[in-house]
There are 4 protein chains.
Amino acid sequence: MAATRRPGRNHLFIPGPTNIPERVLRAMHVPSEDHRSPSFPELVKPLLQDSKMVFGSTNGTVILFPSSGTGIWESALSNTLCRGDKVLTARYGQFSHLWVDMAQRLGLDVIVQDEEWGAGADPQKIEEALRADKDHAIKAVMVVHNETATGVTSDIGAVRKAIDAAGHPALLFVDGISSIGSLPFYMDDWKVDCAIAGSQKGFMLPAGLGLICISPKALKIAEGGTGRNDRLGHAYFAWKDQLAANATGYFPYTPVLPLLYGLREALAIVKEEGLENVYHRHHVLGEATRQAVAAWGLKPCAKEPKWNSDTVTAIVVPEGADAAKVITHAYERYNLSLGAGLSKVAGKVFRIGHLGDLNELSLLGAIAGAEMAMLDCGIKVTPGSGVAAASSYLRENPLHKA
Amino acid sequence: MAATRRPGRNHLFIPGPTNIPERVLRAMHVPSEDHRSPSFPELVKPLLQDSKMVFGSTNGTVILFPSSGTGIWESALSNTLCRGDKVLTARYGQFSHLWVDMAQRLGLDVIVQDEEWGAGADPQKIEEALRADKDHAIKAVMVVHNETATGVTSDIGAVRKAIDAAGHPALLFVDGISSIGSLPFYMDDWKVDCAIAGSQKGFMLPAGLGLICISPKALKIAEGGTGRNDRLGHAYFAWKDQLAANATGYFPYTPVLPLLYGLREALAIVKEEGLENVYHRHHVLGEATRQAVAAWGLKPCAKEPKWNSDTVTAIVVPEGADAAKVITHAYERYNLSLGAGLSKVAGKVFRIGHLGDLNELSLLGAIAGAEMAMLDCGIKVTPGSGVAAASSYLRENPLHKA
Amino acid sequence: MAATRRPGRNHLFIPGPTNIPERVLRAMHVPSEDHRSPSFPELVKPLLQDSKMVFGSTNGTVILFPSSGTGIWESALSNTLCRGDKVLTARYGQFSHLWVDMAQRLGLDVIVQDEEWGAGADPQKIEEALRADKDHAIKAVMVVHNETATGVTSDIGAVRKAIDAAGHPALLFVDGISSIGSLPFYMDDWKVDCAIAGSQKGFMLPAGLGLICISPKALKIAEGGTGRNDRLGHAYFAWKDQLAANATGYFPYTPVLPLLYGLREALAIVKEEGLENVYHRHHVLGEATRQAVAAWGLKPCAKEPKWNSDTVTAIVVPEGADAAKVITHAYERYNLSLGAGLSKVAGKVFRIGHLGDLNELSLLGAIAGAEMAMLDCGIKVTPGSGVAAASSYLRENPLHKA
Amino acid sequence: MAATRRPGRNHLFIPGPTNIPERVLRAMHVPSEDHRSPSFPELVKPLLQDSKMVFGSTNGTVILFPSSGTGIWESALSNTLCRGDKVLTARYGQFSHLWVDMAQRLGLDVIVQDEEWGAGADPQKIEEALRADKDHAIKAVMVVHNETATGVTSDIGAVRKAIDAAGHPALLFVDGISSIGSLPFYMDDWKVDCAIAGSQKGFMLPAGLGLICISPKALKIAEGGTGRNDRLGHAYFAWKDQLAANATGYFPYTPVLPLLYGLREALAIVKEEGLENVYHRHHVLGEATRQAVAAWGLKPCAKEPKWNSDTVTAIVVPEGADAAKVITHAYERYNLSLGAGLSKVAGKVFRIGHLGDLNELSLLGAIAGAEMAMLDCGIKVTPGSGVAAASSYLRENPLHKA
């Protein structure tokens, strides 16, 4: 008789949502609570303060929206920009593409620098565009830090240098949805004006909480700019209602209580591991994955080593093979969830997400599974080669620095 | 030594968020999952279908947003209306006030019919306004079904009749956040075009999921109206991306997984109890509360019996008493969370929410607590009178019809 | 259509198992773990140490058995006594009766002092019996501290004085299953030799963990007495295997992991509230219950005020009424779980348990429910009288001393 | 800064407790409940009936004790045997050794057939011993089905044939703690008289529930034999109190509520997968593990293939290596929990448990981890060889038969 239940757990290796630590799941298992009670600010205030750490900021202001990360894209744009404003951005994957699309739908005039999928933002081209913009018509530069679709990490520090080199006053908006909390992110150092994050990646929570960290500069523009800002209509994602309520430890509308408790626990976990340890661990696990890819004789989607993402690796299957089949087979036969290739790279790549609450042996199980799925689908790789290469690397490179 | 922990559970009698059944809390305790997996639509499709039942609709289309109810207000307006459009609404409490405010901030031209706080929407005045609007400049009528601030339920069926009597084509938008799932709501019968709900009231879930049920008429306007609609800029709350993804059982962005599983369980619970039983139970608990208020010699904020809400009772404290003190004392001494008076009625009323997953003895505990808190604050009520009256009523009136 | 689900929560007012705090439920939601791991003792050692606090002991040794409280009765007897040994005990309710029965089945020679159901152990009679036992044939005195069946608390301090006054070396075994963690219990002061507890009462956990606290004197007898002890055959409940493993922070057989984590959290809760606060709160809630009983014109099963239990009140229904009907009706109509009369008092009493994690308004809800159930069953009590009396008392008497 | 938290999950590969499916953990997250309520039997009765399926029995009677498996050993012996009774057993590992020890401590006269550790019970020797016992002094044959310490499974069907061939009336007691629910077990076919199980292995629950399935023959002896049975004193583990209460759907003492709800869910899971599928899956995962061991050039503790256990593999490390070091290192460096060698094989073997709710990729992660730990400890195995061999086998052998 065919089983109607699959044994064991699902192996989740998509680039988000990520595995939620059991501690966090437990912390979210809470009854309803009066979000106007006298004791509620004891929960809220530390969250707003402590989550700045993950953004690498002490100067910024964090707002938590009941929303996915997509909403936070909108919040950044709609609080600071006006209909018709010029923004500059680079596009090199599905998520940078979608952000461009949103900006256009909101009525912005988007200057798009298209890069090859597999490359990232080009600081030099950004600098040139800004230098050319003598009258400072460009109000903001938008960059997706980690392009989840291709496994590419752009260099935000270099983008900041480019803006400074051009002497341009544009705001810098960074989508850090699949990087913040996993990859080094230094909001204050990089003078990021809006850093955008979602709960379901490095924060190790379910989706549902959108986080934005706002620089004093952006805040000032949002507050002062009513004369102009009323042109980008918005209400739900407005900062001012949130800020007014947050000041006393409350929210303007009913918060997603379980996610607040989950965030508290997740921040505790991040502190216990140490942010620099978290970053190092992601690097080690990313590199182990790349060792496996190399041992298989395959290539990552990232065109050059400098673009390699430590949160997700997109792997290009050989000519003639169908990555979509590998993904479906891995799920159906081995209960392994891999990320699909999106849009331009659909069918050409599968992705292994290696971010969030993860360790060596979980990753090795996934590498073994990807290998088996490829073999079953007729892709010739040497059995055991991926695990052998990754495990040799991992034996030499502990997850945390001593 | 002073205790740093309060024994027993909090008694939550605010008008939302409501108590979450343990079954629902359990159902939400889930690991992360690939929201693009082949099996994901098995979860999603029934949710979109079954939740229509709670709206009293078979013709409508439900969309689920990661958002609080406030966002759904915006979604209704921004998908159907254009900058400068006229809308007609009545205002009689804090939530109808806030919706007006949002509409204005979004650039709509809002015609406000102010009613006394404690009354509801006046169908006759609505009819008159629509009759006077010969050229149909009014594009929508917005009504808050249950004004949570004052414990007043408006008669949506009568509003519909008024619109029909005026022969006016305006859309009908109803905020059912604190009514849907608790009070009789018949979207199709009342020809509501956008019915707005939040997960944290009658759906017995945490906040974080905004639900909208859309009539075919509204849907058509949203779809066809690109020529006009681009004026109310929006992206996150746009229906079209959701509808496109929903069609195959997916979402355009990462969903709040625990709330989806919670919704599935909550819908199962509603079916097991039966919607008409749910409505009847809310009526019985509401009436029991009113019996207690009468026995105390106090008056509800609702000016006439026809406005009485079966989900929340706002109780006016005697002249000279401070309702805010009663609320604080109830919380600090008896761990009872009552709703505060908001805005115009701050300090004058306290509110007992009696909606969601609730039965007789929980309510009687809260009535006892409200009485004790009033007595402690110097409000003269006869000890035991509230519970005596409410319990006598409850003995005669079972929660469910035989 | 008849509902197949009951709305709201069950009101649990039996004398155990008691309500489990949500924090404890969360703490128990844990994956499996290697109970032989190097880090396991970090969990175990503090439990063994900290749980002594609840017994009022610093000299004692606590052992945790995967077992209900019944098993701990056996553990106390079988580790210290030999087949045919004489033991002295008083019997005044179902649980003291069952312990006698067990002792007899284990082959002990039990001298039973029968007291009226509604009274407790009589220290004077105990002293007399011990004085008469010139050759010290009686090896142990067994007393049920709190007789759950009748709502009677015996005076263990007075029993100790009686033993001392008689100059008798008998061991003192106390069943504190429904008292320890709720009523004052001072193991060291009272020189109790085996104090017996179960997880499901004052420890606010599910059943499944039996706790015994053993005096040095009892331990010495158990260890040294091999020549004699082999007569009461036992293995599972033997102390020596447990003690040997406990010494290094392990257990001789697989422990009930969730209950260990639950115990850790429960002990933290007890510390946060403070044991003396816990005792005071139980007294206040017990007295409030008795005020309600008096206002109803009814009598407790406890024959004299000195026997009143602060964890459970057994209420005698009027001649001609059937307490069993009240209990069934309370459950079916109001979802209120009351305790039944057992054995001799079946049908004559119903019981309200008021122990564990409880506060005023929960108790008042139950009192209201008991009153309604009695009225529905034809027992004439004044509507609201019980809640009025209890709430007046509670307003004057805070749960915790200032 | 050193991290105080380990990232990711623990990889639990001890031979029990096993991984608890998330569904089961959720099902156990329940509030307290009145175990005397009218509706309680709706929970209990199906458990007692359905759990027989896992024992391969329709004739037997299941009793659930709040206890670990060790207690069930005692329950089997103490309900059927008398002090001084002769029992026959084979000893070939730590658990068969401990059962012998218990039987001796309970006062039984134990005839022990010692087998090499790595072998199992020898049916021929059992038959000979029984044939020699002309006057049927041997009252029971005790066999440990799966010796967890050495990874050896004995052939119970062959033992039954041996008893029958000898024409001996002895009872057959089988410890199925680490086999029942994982390995084929056919209680009725094998005419087992007491089958002993614990919740923490094939039942995929925490420890804390001991299960015994009793044949009609054993039941009759227990019931009728009072004249003799009083010699093995017992009370807690007595069957008669349980059976009397079970008959109406209750228990004689407070049950471990979460484990009852967990058992209900676990039985549902077993049904959904199908018992024969469960058995086949364990065989496939066991064989995959053995393929890895062979690829490493190592040997299992089981002396011959026929002894191989499909729930646990004990792996002998090369002369000079210390298995204890491998285990400690695997835990500390890779968060992998392996089973230790016990007693005679301490330091010589480490064990991989492959039972319970498990699938291919989890096992491959553990195999990778064991390999890395061995390499780190100086044991020369070819990197990747274990995973390569196991994964090749697993690609060819699906967990479930088509």
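Fair warning: this is a prediction, and the values are worked out from it, not measured in the lab. (Residues numbered from 1 in each chain as written. Chains lettered and ligands numbered in written order. Predicted model: local features only at pLDDT ≥ 70, side-chain atom pairs only at ≥ 80, totals over all residues. Heavy atoms only, no water.)

Caption draft 1: Spatial organisation of the overall build of chain A. Assigned secondary structure in chain A consists of 14 helices and 14 strands. Taking 21 Å as the expected radius of gyration for a compact globule of 402 residues, we find that chain A reaches 21 Å, a close match to that expectation. Seen along its three principal axes, the alpha-carbon backbone of chain A occupies a region of about 65 × 55 × 45 Å. In chain A, which comprises 402 residues, the share counted as buried stands at 67%. Excluding contacts between residues fewer than 6 apart, the proportion of contacts in chain A whose partners are at least 24 apart in sequence is 74%. Carbon and sulfur atoms make up 53% of the accessible area of chain A, which amounts to about 12700 Å² in all. (Helix = DSSP H or I, 4+ residues; strand = E, 2+ residues; numbered from the N terminus. Rg over C-alpha atoms; globule rule 2.2 N^0.38 Å. Buried < 20%, exposed > 50% of the residue type's maximum accessible area, 1.4 Å probe, protein only. Contact = heavy atoms within 4.5 Å. Areas by Shrake-Rupley, 256 points an atom, 1.4 Å probe, with all protein chains shown as cover.)

Caption draft 2: The arrangement of the side chain of H11 of chain B in detail. With respect to the helices, strands and loops of the structure, H11 of chain B is situated in strand 1 (residues 11–13). Note on H11 of chain B: relative accessible area 8%, which makes it buried. Within the structure, H11 of chain B has its side chain in polar contact with the side chain of S362 of chain C (distance 3.5 Å). The contact partners of H11 of chain B, leaving out residues within four places of it in the chain, are Y334, N335, L336 and S337 of chain B together with N359, L361 and S362 of chain C. (Polar contact = N/O pair within 3.5 Å; in protein donor to acceptor, adjacent residues only side chain to side chain.)

Caption draft 3: Representation of the relation of the copies chain B and chain A in the model. Note on the identical chains: chain B maps onto chain A by a rotation of 180° and an axial translation of 0.0 Å, with an RMSD of 0.0 Å. Such a turn and shift between the copies fits a two-fold axis. Considering only C-alpha atoms, the part of chain B nearest the rotation axis is S67 of chain B, at 2.6 Å. Of the residues that chain B buries at the interface, 100% are likewise interface residues in chain A, meaning the two copies contact each other through the same surface. (Least-squares fit on C-alpha atoms with pLDDT ≥ 70 in both.)

Caption draft 4: Spotlight on the packing of helix 14 (residues 385–396) of chain A against helix 13 (residues 360–376) of chain D. Where helix 14 of chain A contacts helix 13 of chain D, the two axes come as close as 11 Å, and the packing angle between them is 50°. On the basis of their axis angle, the class for helix 14 of chain A and helix 13 of chain D is oblique. As for the relative orientation of helix 14 of chain A and helix 13 of chain D, their crossing is right-handed in sense. Contacts between helix 14 of chain A and helix 13 of chain D pair V387, S391, L394 and R395 of chain A from the former with A368, M372, L375 and D376 of chain D from the latter. Residues that form the contact of helix 14 of chain A with helix 13 of chain D fall into these classes: five nonpolar, one polar and two charged. (Axes fitted to C-alpha atoms, helices over the stretch in contact; angles between N-to-C directions. Parallel < 35°, antiparallel > 145°, perpendicular 65-115°, else oblique. Left-handed = near helix turned anticlockwise from the far one by under 90°. Nonpolar A, V, L, I, M, F, W, Y, C, P; charged D, E, K, R; others polar.)

Caption draft 5: Representation of the interface of chain D and chain A in the model. Every contact between the two is made by 47 residues of chain D and, on the other side, 48 residues of chain A. A combined buried area of about 4100 Å² lies between chain D and chain A, and 54% of that area is made up of carbon and sulfur atoms. Of all residues in chain D, R5, L361 and R395 of chain D give up the largest surface area on contact with chain A, accounting jointly for 20% of the area buried on that side. For the interface between chain D and chain A, the tally reads four salt bridges. One salt bridge connects D376 of chain D with R395 of chain A, and the closest N-O pair in it is separated by 2.6 Å. Here chain D and chain A share 21 residue pairs in polar contact (both at pLDDT 80 or more) between them. Of all the secondary structure elements, the ones that give two or more residues to the side of chain D that touches chain A are helix 10 (257–273), helix 11 (275–295), helix 12 (323–334), helix 13 and helix 14 (385–396) of chain D. (Buried area = accessible area lost by both parts, 1.4 Å probe. Salt bridge = Lys/Arg side-chain N within 4 Å of Asp/Glu carboxyl O.)

Caption draft 6: The interface of chain B and chain A, seen in detail. In this assembly, 51 residues from chain B lie in contact with 51 residues from chain A. When chain B packs against chain A, close to 3800 Å² is buried across both sides, 60% of that on carbon and sulfur atoms. It is S32, R105 and Y236 of chain B in chain B that bury the most area against chain A; as a group they hold 16% of the surface buried on that side. Linking chain B to chain A there are two salt bridges. For R105 of chain A, the salt bridge is made with D241 of chain B, and the minimal N-O distance between the two is 2.7 Å. Remark: the boundary between chain B and chain A carries 15 residue pairs in polar contact (both at pLDDT 80 or more).

Caption draft 7: Structural context of the sheet that holds strand 5 (residues 138–144) of chain D. Residues and elements named next belong to chain D. Pairing is mixed in the open sheet, where seven strands are placed in the order 2-10-9-8-5-3-4. Strand pairing shows two members of the sheet lacking a second neighbour, strand 2 (61–66) and strand 4 (109–114), which therefore form its edges. Averaged over all adjacent pairs, the angle separating strand axes in this sheet is 20°, with direction ignored. Sheet topology note: the strand 3 (residues 86–91)/strand 5 ladder contains four bridges and is parallel. (Pairing = 2+ DSSP bridges.)

Caption draft 8: Representation of the pattern of salt bridges within the structure. Per the stated rule, a full pass over the model turns up 67 salt bridges over all chains. Two residues, K191 of chain D and D164 of chain D, come together in a salt bridge whose shortest N-O distance is 2.8 Å. Of this pair, K191 of chain D sits in the loop between strand 8 (171–175) and strand 9 (194–198) while D164 of chain D sits in helix 6 (residues 156–166), and the two are 27 residues apart along the sequence. According to the relative accessible area criterion, D164 of chain D is partly exposed, its value standing at 37%. Through salt bridges with shared partners, one network takes in R23, E265 and E272 of chain A.

Caption draft 9: Focus on the relation of the copies chain D and chain A. Between chain D and chain A, the superposition needs a rotation of 180° and an axial shift of 0.0 Å, giving an RMSD of 0.0 Å. When the interface residues of chain D are mapped onto chain A, 100% of them again lie at the interface, so the same face is used by both copies.

Caption draft 10: Just the packing of aromatic side chains, in detail. The tally for this structure, following the rule as stated, stands at 40 aromatic pairs over all chains. When the ring of Y236 of chain B is compared with that of F237 of chain B, the centres are 4.9 Å apart and the planes differ by 85°; the resulting orientation is edge-to-face. A relative accessible area of 2% means that F237 of chain B is categorised as buried. Three or more aromatic residues joined by ring pairs make a cluster, and in this case those are F65, Y236, F237 and Y253 of chain A together with F65, Y236, F237 and Y253 of chain B. Directly above the ring of Y331 of chain B sits R6 of chain B, whose terminal nitrogen or CZ lies 5.4 Å from the centroid. (Phe/Tyr/Trp six-rings, centres within 6.5 Å; stacked < 30°, edge-to-face > 60°. Lys NZ or Arg CZ within 6 Å of the ring centre and 35° of its normal.)

Caption draft 11: Spotlight on the pairing of strand 12 (residues 312–316) of chain C. All names here are of chain C. Counted residue by residue, strand 12 has four buried out of five residues, so it is predominantly covered. Relative to strand 12, strand 11 (residues 299–300) is paired through two bridges, and the arrangement is antiparallel. Each bridged residue has a counterpart across the sheet, and for K299 the counterpart in strand 12 is V316. Where strand 12 lies against strand 14 (residues 349–353), five bridges are found, and the strand directions are antiparallel.

Caption draft 12: Focus on the environment of F203 of chain B. All names here are of chain B. Within the secondary structure, F203 is located in the loop between strand 9 (194–198) and strand 10 (209–214). Under the relative-accessibility criterion, F203 is labelled buried at 3%. Between the C-alpha atom of F203 and that of I20, which follows or precedes it by 183 residues, the distance is 8.8 Å.

Caption draft 13: Structural view of the pairing of strand 14 (residues 349–353) of chain B. All names here are of chain B. Along strand 14, five of the five residues are buried, which leaves the element largely enclosed by surrounding structure. Both faces of strand 14 are covered, namely the face carrying V349, R351 and G353 and the face carrying F350 and I352. As defined by bridge partners, strand 13 (residues 336–340) adjoins strand 14 across two bridges and the pair is classed as antiparallel. Across the sheet, the residue bridging to A340 is F350, located in strand 14.

Caption draft 14: Main features of the side chain of S182 of chain A. All names here are of chain A. Looking at where S182 falls in the secondary structure, it is placed in the loop between strand 8 (171–175) and strand 9 (194–198). For S182, the side chain forms a polar contact with the side chain of H282, separated by 3.5 Å. In this structure S182 touches G202, V278, Y279, H282, T311, L355 and G356, once residues within four positions along its chain are discounted.

Caption draft 15: Local environment of helix 4 (residues 94–105) of chain D. All names here are of chain D. The end-to-end C-alpha separation of helix 4 is 16 Å, in line with the 16 Å expected for twelve residues at 1.5 Å each. The set of residues buried in helix 4 consists of Q94, S96, W99, V100, M102 and A103. Once helix 4 ends, the next one or two residues include G107, with phi positive near 95°. (Expected span 1.5 Å × (residues − 1).)

Caption draft 16: Up close: helix 7 (residues 216–224) of chain C. All names here are of chain C. Along helix 7, the positions that sit buried rather than exposed are A218, L219 and A222. Down the axis of helix 7, the smallest arc covering the buried residues is 100°, so these residues share one side. Seen from the open side of helix 7, the exposed residues pointing more than 90 degrees away from its buried face are K220 and G224. (Arc of directions from axis to C-beta.)

Caption draft 17: A look at the environment of P17 of chain D. Here P17 of chain D lies in the loop between strand 1 (11–13) and helix 1 (22–28). A sequence separation of 181 residues divides P17 of chain D from G198 of chain D, and the C-alpha atoms of the two residues are 9.5 Å apart. Setting aside residues no more than four positions away along its own chain, P17 of chain D makes contact with S32, E33, H35 and T254 of chain C together with L12 and Q200 of chain D.

Caption draft 18: Inspection of the sheet that holds strand 12 (residues 312–316) of chain D at higher detail. Residue and element names in this part refer to chain D. An order of 1-13-14-12-11 is seen for the five strands of this open sheet, with the pairing classed as mixed. Because the sheet does not close on itself, it has two edges, and the strands there are strand 1 and strand 11 (299–300). Contacts from helix 11 reach strand 11, strand 12 and strand 14 (349–353) within the one sheet, and its direction differs from that of strand 12 by about 10°. Against the sheet, helix 13 engages strand 1, strand 13 (336–340) and strand 14, with an angle of about 165° to strand 14.

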